[in-house]
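Inside the fold
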2 protein chains.
Amino acid sequence: MFLTRPFGRVLARKIYPKTVKPRSFYQNYSKMAFTSRVKPYSYTGRIRVKEVLNSQREDYLNKTITICGWTRTIRYGGKGAFSFLEINDGSCFKNLQVVIDKSINNFDQLKSEGVGTSFKITGTLVESPKKGQKYELSLRNNEDHSFKILGSSPQGEYPLAKKRHTLEYLRGIQHLRPRTNTIGAVTRIRNSICKATHDFFQDRGFLYIHTPIITSSDCEGAGELFHVKTQQEESENSENFFKDQVFLTVSGQLDVENYACSLSDVYTFGPTFRAENSHTKRHLSEFWMIEPELAFSDLNDCINCAEDYLKHNIEHVLVKNMEDLEFCNQWVKKGIIDDLNNILQQDFERIPYTDAISELASQSKNKFEVYPEWGIDLSTEHEKFLCEINQKPVIVYDYPKQIKPFYMRQNDDGKTVAAMDVLVPGVGELIGGSQREERYEVLKNNIEQNGISPEEYWWYLDLRKYGSVPHSGFGAGLERLVMTISGIDNIRDSIPFPRWPGNAKY
Amino acid sequence: MFLTRPFGRVLARKIYPKTVKPRSFYQNYSKMAFTSRVKPYSYTGRIRVKEVLNSQREDYLNKTITICGWTRTIRYGGKGAFSFLEINDGSCFKNLQVVIDKSINNFDQLKSEGVGTSFKITGTLVESPKKGQKYELSLRNNEDHSFKILGSSPQGEYPLAKKRHTLEYLRGIQHLRPRTNTIGAVTRIRNSICKATHDFFQDRGFLYIHTPIITSSDCEGAGELFHVKTQQEESENSENFFKDQVFLTVSGQLDVENYACSLSDVYTFGPTFRAENSHTKRHLSEFWMIEPELAFSDLNDCINCAEDYLKHNIEHVLVKNMEDLEFCNQWVKKGIIDDLNNILQQDFERIPYTDAISELASQSKNKFEVYPEWGIDLSTEHEKFLCEINQKPVIVYDYPKQIKPFYMRQNDDGKTVAAMDVLVPGVGELIGGSQREERYEVLKNNIEQNGISPEEYWWYLDLRKYGSVPHSGFGAGLERLVMTISGIDNIRDSIPFPRWPGNAKY
């Protein structure tokens, strides 16, 4: 592939120690992960199902413990002599089986309960005779044993009483959908990505910076903006609350650059907004972005960091959420675990835009709807093709100046800028970044050429006036990361309360 | 103090192992903290000043290394034979001293440089003869040694060229103020609190949930709301983009309860907004809140968690940021380190509201501007008094029903609700929380009594209809935590880009 790279410069790859392990490692590791754990803190006296299921024999076996949770099923055995409850508390994918003997004095209360009833249960943890589960909780002739129904869930009415529901149906009951297997798994994976993100940057000495949500500057002029006003401004047409007209931010990048140019390596991680009338499976009106900014760095450093960051997230989820992933692998997207392993085990392909265009143009004439001519923005079909022939993520860099925003650093060829996009098979563009223009005169010129008054960006220009430094950074959309790693197909299922045109419920 | 508690119920304290260490521990620990560190990742080849200063002899001593940063001072010695640069890269409070011999070929370039110039410098790390610093970077007759001026900082124009500036002046140059000692220290402390927050909840099995920023529900009807509209809605008075009228969230609590009632322990940490025309040192229009929600818990569990959380943050900053704190202790708020140690070393006082009122009422008649009568909300003077006589943080709980929002759980006395506030000496209310009303009929009744239609909260009521569980949670304002821990007096200096009425610059 791409043996000759006719035009573009070639960026060096930094060599890092490989951390890639075979798939079996993650499957086993996930089960071992709690071996050396610190005992989890509990403020309520209950022990989480996750901790019970992952416990060592010496922890809880043959001991009396209390758990809480919701029933996934209730059924009877031994001709009604005992009841089996599958209890889930959301701490992990799996349920804990509870076996209640009819000698327990309020046993008959179970009869009117079904899916979704909440319980507090105290019993003895015993080895389970059932295949595939190590432990179960047993309640029998023991004065310490008891269960309490905390809240019933009327079976005729409960919107989740039936077994399987479409994701579309669940979007109509966003307050209840985290009780399902799919949204539960995706939420735990999302949590892990957030945790992995903070760990990644904190371990590497980056400072977390909160950039503003309400802003009077519209960043790169990217997309349509939401306007923010007070009731008074609206009704009385009074003076602006903030003096200036204000919007919801579309990116924290320009703001976080102020901090990169003083505290060196920083990142922002917060909500961003687009007022576009998009109803696709890949767009939201409100989504979370991770935007690191590396001081004293060039595009190559930024690319190395982005590749590391993506792999770090995937590895973290493989280690922490294998049960959730196994469910996704079976029910959400077949083969997702292999896909993730493939991403981990390969160096991403790095291709200058100019070479990518030549490669695309060398295909048969009618291969693409849009002919791949130098100067166009790559479209989905092009990105897809580049990933497919490489069978791995592809990083395209050095894009034409005219299709990129003003703050990207101009390359020596005068035609391209030091921009990059990380394209992932089956997902498309996942991360975009660039080296920033650090030369005062060049930047000012770019701003003017974009038809913007330099005065609007006086503070951004100031960074280039006083102790300017080369720096670069990238942006990653959290929801696209969640989709990539969980395999979930619609972005509306990757965030707890999705906002799209026509919907801001809850 | 409060030997008799005439009315209120007494909540039990949970006993945790004490983690409190003497002040000297933190001072030494902070210096030792890097002994066992993993070598920091670098994408740029530079080594951060923090890592250099905290390195062991075997790491870098007598080795050639590259650092980058900005000059805090440049001066000359040996009758102009060498130059001393103090270089700061924001990774820590301290500078690294660089000694450049005039044999370095571009030595003369230094003459026109002053505060704020950015450098890339390669030299040999040597032991420093200067008292109080272990190492310095030496550039002399060695072909590997060099320095490069990345960006000058014209001394006549640079807004930070002079030594000391008021915080008010710095608020006018928010893009440059992180280059100062004070804002640098506060920013690093803020980062540490964010890191400590995520660690605290993740270690305890809480899942991080992003609640929506744009919302059609106005939570507790708390304060004034910002309205969100598109350009089109504004200019053409067209249909709402989201169908419903939407606002910026004032709290993620109600939304995160949906997740507590399915995945058990969760927290949200995101921006919240108030459109109030407040110009005080303690109010912002945009601020970040941490809101955990504990499933299967009561008020007492919630109080235990809140006390732990506050102490955890303080301990984390004492361990990680002692140099920043020592600066704050000298220049920002005298005695702040002792104050923090005092908070750590004490069990917080826990007082039912009713007892607090009796105590306040037992003071001389004109002690307070507002007479402390049962039923009033405690004002700043009351909170201050309660902290002062206890000489430690005070948690007041079980407030009168009529002064608290509808979702708080009604106590058996019929008059009070299971609410709590954590009051901190010199700061006031830092954390507020409650047990939530989990009984469907009681909640519905409360909503109606508050003049709200239950239909507006159909989803919130649903949680009480299907497998309802007792739960509780609290909210902590990040900026108030930063103020409490750094000692910074004005909330506008506790956040990178403060928003207040009349200001949304950058």
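Only a predicted model underlies this, so the values are computations on that prediction, with no experimental measurement involved.

Conventions adopted
Residues numbered from 1 in each chain as written. Chains lettered and ligands numbered in written order. Predicted model: local features only at pLDDT ≥ 70, side-chain atom pairs only at ≥ 80, totals over all residues. Heavy atoms only, no water. Least-squares fit on C-alpha atoms with pLDDT ≥ 70 in both. Contact = heavy atoms within 4.5 Å. Salt bridge = Lys/Arg side-chain N within 4 Å of Asp/Glu carboxyl O. Helix = DSSP H or I, 4+ residues; strand = E, 2+ residues; numbered from the N terminus. Buried < 20%, exposed > 50% of the residue type's maximum accessible area, 1.4 Å probe, protein only. Buried area = accessible area lost by both parts, 1.4 Å probe. Polar contact = N/O pair within 3.5 Å; in protein donor to acceptor, adjacent residues only side chain to side chain. Nonpolar A, V, L, I, M, F, W, Y, C, P; charged D, E, K, R; others polar. Pairing = 2+ DSSP bridges. Phe/Tyr/Trp six-rings, centres within 6.5 Å; stacked < 30°, edge-to-face > 60°. Lys NZ or Arg CZ within 6 Å of the ring centre and 35° of its normal. Domains from an automatic or database assignment. pLDDT = per-residue confidence, 0-100. Axes fitted to C-alpha atoms, helices over the stretch in contact; angles between N-to-C directions. Parallel < 35°, antiparallel > 145°, perpendicular 65-115°, else oblique.

1. Topic: the relation of the copies chain B and chain A
In screw terms, the move from chain B to chain A is a rotation of 180 degrees and a rise of 0.0 Å along the axis, fitting with an RMSD of 0.0 Å. Put plainly, the chains are arranged around a two-fold axis. Across chain B, the smallest distance between a C-alpha and the rotation axis is recorded for B:Val228, namely 2.4 Å. Interface overlap between copies: 100% of the residues of chain B at the interface are likewise at the interface in chain A, consistent with a symmetric, same-surface contact.

2. Some remarks on the pattern of salt bridges
Applying the stated criterion across every chain yields a total of 46 salt bridges over all chains. For B:Glu293, the salt bridge identified is with B:Arg436, shortest N-O distance 2.8 Å. Placement of B:Glu293 in strand S12 (residues 286-295) and of B:Arg436 in the loop between strand S16 (428-435) and helix H13 (440-449) is noted, with a sequence separation of 143 residues between them. Residue B:Arg436 is classed as buried on the basis of its relative accessible area, which comes to 3%. A salt bridge links B:Glu437 to B:Arg439; the shortest N-O distance between them is 2.7 Å. One network of salt bridges, with partners in common, ties together A:Arg46, A:Arg48, A:Glu51, A:Asp89 and B:Asp265.

3. Section: the interface of chain B and chain A
The interface is formed by 121 residues belonging to chain B together with 121 residues belonging to chain A. A buried area of about 10,000 Å², summed over both sides, lies between chain B and chain A, and 60% of it is on carbon and sulfur atoms. Looking at the side of chain B facing chain A, the largest losses of area belong to B:Tyr43, B:His210 and B:Tyr466, adding up to 10% of the total buried there. Joining chain B to chain A, the criterion identifies 4 salt bridges. Residue B:Arg48 pairs with A:Asp265 through a salt bridge whose shortest N-O separation is 2.5 Å. Joining chain B to chain A, the criterion identifies 53 residue pairs in polar contact (both at pLDDT 80 or more). Counting residues per element, the side of chain B that touches chain A draws most heavily on helix H5 (residues 181-203) of chain B, at 13 residues. Of the residues contributing to the side of chain B that touches chain A, the split by class is 55 nonpolar, 40 polar and 26 charged. The pairing of strand S9 (residues 226-230) of chain A with strand S9 (residues 226-230) of chain B spans 5 bridges and is classified as antiparallel. If you follow A:His227 over to S9(B), its bridge partner there is B:Lys229.

4. Focus on the packing of aromatic side chains
In the structure shown here, the tally under the stated rule is 60 aromatic pairs over all chains. A ring pair is formed by B:Phe119 and B:Phe147, whose centres lie 6.0 Å apart and whose planes are at 55 degrees; its orientation type is tilted. On the criterion of sequence distance, the pair formed by B:Phe119 in strand S4 (residues 118-127) and B:Phe147 in strand S6 (residues 146-151) is long-range, its members being 28 residues apart. Ring centres of B:Tyr353 and B:Tyr399 lie 5.3 Å apart, and the angle between their planes is 40 degrees; on these two criteria the pair is classed as tilted. A residue pair is termed long-range when its members are at least 10 positions apart, and B:Tyr353 in helix H11 (residues 353-361) and B:Tyr399 in strand S14 (residues 394-400) qualify at 46 residues. On the basis of relative accessible area, B:Tyr353 is assigned to the buried category, the value being 0%. The structure contains a cluster of three or more aromatic residues connected by ring pairs, namely A:Tyr259, A:Phe406, A:Tyr407, A:Tyr457, A:Trp458, A:Trp459, A:Tyr460, B:Phe497 and B:Tyr506. Residue placement shows A:Arg464 over the ring face of A:Tyr460; its charged tip is 4.1 Å from the ring centre.

5. Side note on the domain arrangement of chain A
Residues and elements named next belong to chain A. Each assigned domain of chain A is listed with its residue range as follows: domain 1 (11-19 + 172-493) and domain 2 (37-162). Computed from C-alpha coordinates alone, the two centres of domain 1 and domain 2 are separated by 44 Å. Both sides together, the interface formed by domain 1 and domain 2 hides about 970 Å², and carbon and sulfur atoms give 57% of it. Of all residues in domain 1, the largest losses of buried area upon contact with domain 2 belong to Arg179, Arg188 and Glu323, amounting jointly to 57% of the total for that side. In this structure, Glu323 engages Lys94 in a salt bridge whose closest nitrogen and oxygen atoms are separated by 3.7 Å. Classifying every residue of the side of domain 1 that touches domain 2 gives 4 nonpolar, 2 polar and 4 charged.

6. Digging into the confidence of the model for chain A
If pLDDT is low for a region, its predicted coordinates should not be looked at in detail. All names here are of chain A. Within chain A, residue pLDDT values average 91, and 91% of them lie at 70 or more. Predicted confidence for residues 1-6 stays below pLDDT 50, and this span has 16 contacts to residues more than four positions away or in other chains. Confidence metrics for the complex model read pTM 0.94 and ipTM 0.94.

7. Overview of the packing of helix H9 (residues 322-332) of chain A against helix H10 (residues 336-344) of chain A
Residues and elements named next belong to chain A. Orientation of H9 relative to H10, taken along the N-to-C sense of each, is 120 degrees, at an axis distance of 8 Å. Taken together, the axes of H9 and H10 lie oblique to each other. On H10, the residues that touch Met322, Leu325, Glu326, Cys328 and Asn329 of H9 are Ile336, Ile337 and Leu340. Residue classes in the contact of H9 with H10 are distributed as 6 nonpolar, 1 polar and 1 charged.

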